[in-house]
Amino acid sequence: MNWDDTTDTSAEERLVGASADREDQAVEAALRPKDLGEFIGQEKVREQLDLVLRAARARGATADHVLLSGAPGLGKTTLSMIIAAEMGAPIRITSGPAIQHAGDLAAILSSLQEGEVLFLDEIHRMSRPAEEMLYMAMEDFRVDVIVGKGPGATAIPLELPPFTLVGATTRAGLLPPPLRDRFGFTGHMEFYEPAELERVVHRSASLLDVEIDRDGATEIAGRSRGTPRIANRLLRRVRDYAQVKADGLITREIAAAALAVYEVDARGLDRLDRAVLQALLKLFGGGPVGLSTLAVAVGEERETVEEVAEPFLVREGLLARTPRGRVATPAAWAHLGLTPPHSQAAGNGQQDLFGA
């Protein structure tokens with residue numbers, strides 16, 4: 001229990017999308033663990049963060065600034081709230097896209113209380129002027145507020161109370177080194193193992209008053225793409241099916257039947273994922289094929305295929321990106337129950353077709 005695209009599909013609309021919609025946000029607020037001991041998974045990050053927070057409490061000081069990176073839905077927001085709870089401090093939540101000017105950031109920083117935790121989600125999307133102001137705020141706990149314009153402009157230093165910044169990002173590589181270097185602790189959130197997701201599902205089912213057996217939890221966990229947010233969303237949809245079509249108890253059979261209705265297969269692929277694979281295999285013989293051509297064949301925008309479908313397919317080893325285009329792997333043929341061309345079955349890929 002942690003957290004943190006079809007035709008006319010957006011990442012937010014997919015049942016297996018990792019972005020949180022309003023329903024997810026409301027449910028997650030009730031399901032979030034309140035301390036590190038309750039937080040499931042991310043063992044290394046939890047252990048390291050526990051040491052950082054305990055040491056800060058022993059010194060009577062604010063905790064070091066914390067940077068959390070990783071895919072959406074893995075628990076970055078939840079950990080920020082736990083950091084505040086463990087330090088006995090209030091938390092202020094904002095995001096990089098909401099801070100477009102240095103003045104926006106100055107207004108937030110100047111209103112912080114001593115020891116307060118500032119959670120800055122998608123920190124890599126903050127504007128450059130605000131980013132440069134943040135350097136000084138993190139290191140010296142002060143900002144220079146510019147009054148006036150042109151030659152007559154004056155910089156007025158504004159002292160800030162000690163605070164802890166918790167930055168979260170899905171793209172740590174976009175953070176400039178000077179900003180990364182100012183974080184005292186950096187934790188990378190990994191995708192969850194099925195056994196960890198089973199614990200997430202059982203915990204959430206208990207809090208939601210849903211009856212589920214071990215096999216039912218295993219079935220949901222196996223289709224959740226290693227992401228607690230998706231596991232919780234699938235649990236809610238399976239719960240609905242169990243209440244309407246069965247006696248409310250979620251078993252393996254009920255979970256499988258429910259997720260078949262929602263077109264989420266045994267590996268967590270949905271309609272869009274399978275459409276991409278089917279086009280790649282049936283229309284282009286497994287590739288290589290260009291991204292734009294593949295998107296046209298699927299009837300989706302190029303960005304939808306590249307940013308919504310491909311990351312999971314690549315991570316699952318079903319698709320590969322090569323300089324010549326997208327190529328299906330033997331696992332993709334096996335997953336869809338199709339027989340690869342002789343050249344691919346022999347392990348030579350498309351090279352034999354072009355004499356390469």
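Structure: see above.
None of these values were measured; they are calculated from a predicted model. (Residues numbered from 1 in each chain as written. Predicted model: local features only at pLDDT ≥ 70, side-chain atom pairs only at ≥ 80, totals over all residues. Heavy atoms only, no water.)

**Some thoughts on the pattern of salt bridges**
Where we set the bar: Should a side-chain nitrogen of Lys or Arg be within 4 Å of a carboxyl oxygen of Asp or Glu, the pair is scored as a salt bridge. By definition, any uninterrupted DSSP run of H or I lasting at least four residues is a helix, any uninterrupted run of E lasting at least two residues is a strand, and each is numbered from the N terminus. Three exposure classes are used, based on accessible area relative to the maximum for each residue type with a 1.4 Å probe and protein chains only: buried under 20%, partly exposed in between, and exposed over 50%.
All told, the structure shown has 19 salt bridges when counted by the stated rule. For R252, the salt bridge goes to D215, with nearest N and O atoms at 3.5 Å. Residue R252 is found in helix α10 (residues 252-261), and its partner D215 is found in helix α8 (residues 214-222); the two are separated by 37 residues along the sequence. Residue class for R252 comes out partly exposed when judged on its relative accessible area of 33%. The class of D215 is partly exposed, set by a relative accessible area of 39%. With a shortest N-O distance of 2.8 Å, E310 and R321 are connected by a salt bridge. One end of the pair, E310, is in helix α13 (residues 302-315); the other, R321, is in strand β8 (residues 319-322), with eleven residues separating them in the sequence. Judged by relative accessible area, which is 0%, E310 ranks as buried. Of the residues examined, R321 reaches a relative accessible area of 45% and is grouped as partly exposed. Beyond isolated ion pairs, a larger network of salt bridges with shared partners links D215, E219, R223 and R252.

**As for the layout of surface pockets**
In this approach the atoms are scanned with a rolling probe the size of a water molecule, which exposes any empty space left behind. Basically, it comes down to this: A pocket here means an open set of points on a 1 Å grid, computed over the protein atoms alone, that has protein on both sides within 12 Å along at least five of seven lines. A cavity is instead a set of points where a 1.4 Å probe fits but cannot get out; residues with an atom within 4 Å of a point line either one. Grid points are joined across faces, edges and corners, and a volume is the space filled by probe spheres set on the points. Residue classes follow a fixed rule: Ala, Val, Leu, Ile, Met, Phe, Trp, Tyr, Cys and Pro count as nonpolar, while Asp, Glu, Lys and Arg count as charged, and any other residue, Gly among them, counts as polar.
In this structure, the second largest pocket encloses a volume near 150 Å³. Taken together, the elements giving at least two residues each to the lining of the second largest pocket come down to α7 (194-207), α8 and α13. A per-class count over the lining of the second largest pocket returns five nonpolar, three polar and five charged.

**Examining the packing of aromatic side chains**
Here is the rule we go by: The rule is short: rings of Phe, Tyr and Trp, with Trp giving its six-membered ring, pair when the centres are within 6.5 Å, and they are stacked under 30 degrees, edge-to-face over 60, tilted in between. For a lysine, the NZ atom is tested; for an arginine, the CZ atom; a charge sits over a ring if that atom is within 6 Å of the ring centre and within 35 degrees of the ring normal.
Per the counting criterion, the structure on display carries one aromatic pair. Geometry around F312 places R225 over its ring, the cationic atom sitting 3.9 Å from the centre. Positioned above the aromatic ring of F191 is the side chain of R315, whose terminal nitrogen or guanidinium carbon lies 3.5 Å from the ring centre.

**Digging into the sheet that holds strand β2 (residues 91-95)**
Filter applied, for reference: For two strands to be treated as a pair, DSSP must find at least two bridges joining them. The axes used here are C-alpha line fits, helices contributing only the stretch in contact, and every angle between their N-to-C directions lies in the interval 0 to 180 degrees.
Pairing is parallel across the open sheet formed by five strands, whose spatial order is β2-β3-β6-β1-β7. Sheet topology places β2 and β7 (185-188) at the edges, where each strand pairs with a single neighbour. Looking at each pair of strands side by side, their axes are set apart by 15° on average, direction ignored. Pairing of strand β3 (residues 117-121) with strand β6 (residues 164-169) involves four bridges; the strand directions are parallel. Paired with L120 across the bridge in β6 is G167.

**Things to note about the pairing of strand β1 (residues 66-69)**
It is a general feature of regular strands that their side chains alternate between the two faces of the sheet. What you see with β1 is no split at all: V66 and L68 on one side and L67 and S69 on the other are buried throughout. Summarising the sheet, β1 and β6 pair through four bridges and their orientation is parallel. Counted as the bridge partner of V66 is V166 from β6. Sheet analysis places β1 next to β7, joined by four bridges and oriented parallel. Residue pairing for β7: S69 is matched across the bridge by H188.

**Quick look at helix α12 (residues 291-298)**
Convention followed: To obtain the arc, one takes the directions from the helix axis to the C-beta atoms. Here, two residues are considered to be in contact whenever any of their heavy atoms come within 4.5 Å of each other.
Among all positions in α12, only L291, L294, A295 and V298 are buried. The buried residues of α12 occupy an angular sector of 100° when the element is viewed end-on, so they sit on one face. Check the buried side of α12 and you find it contacts α11 (271-283), α13 and β9 (325-328). Two residues or fewer past α12, G299 is found with a positive phi of approximately 80°.

**Some words on unusual backbone geometry**
A negative phi angle characterises most non-glycine residues, just as the trans form characterises most peptide bonds. Positioned with a positive phi, E122 is a non-glycine residue whose angle comes to about 45°. Inspection of the secondary structure assignment puts E122 in the loop between β3 and α5 (128-140). With relative accessibility at 17%, the residue E122 sits in the buried group. The backbone of F141 shows a phi angle near 55°, a positive value even though the residue is not glycine. Tracing the backbone through its elements, the reader meets F141 in the loop between α5 and β4 (142-147).

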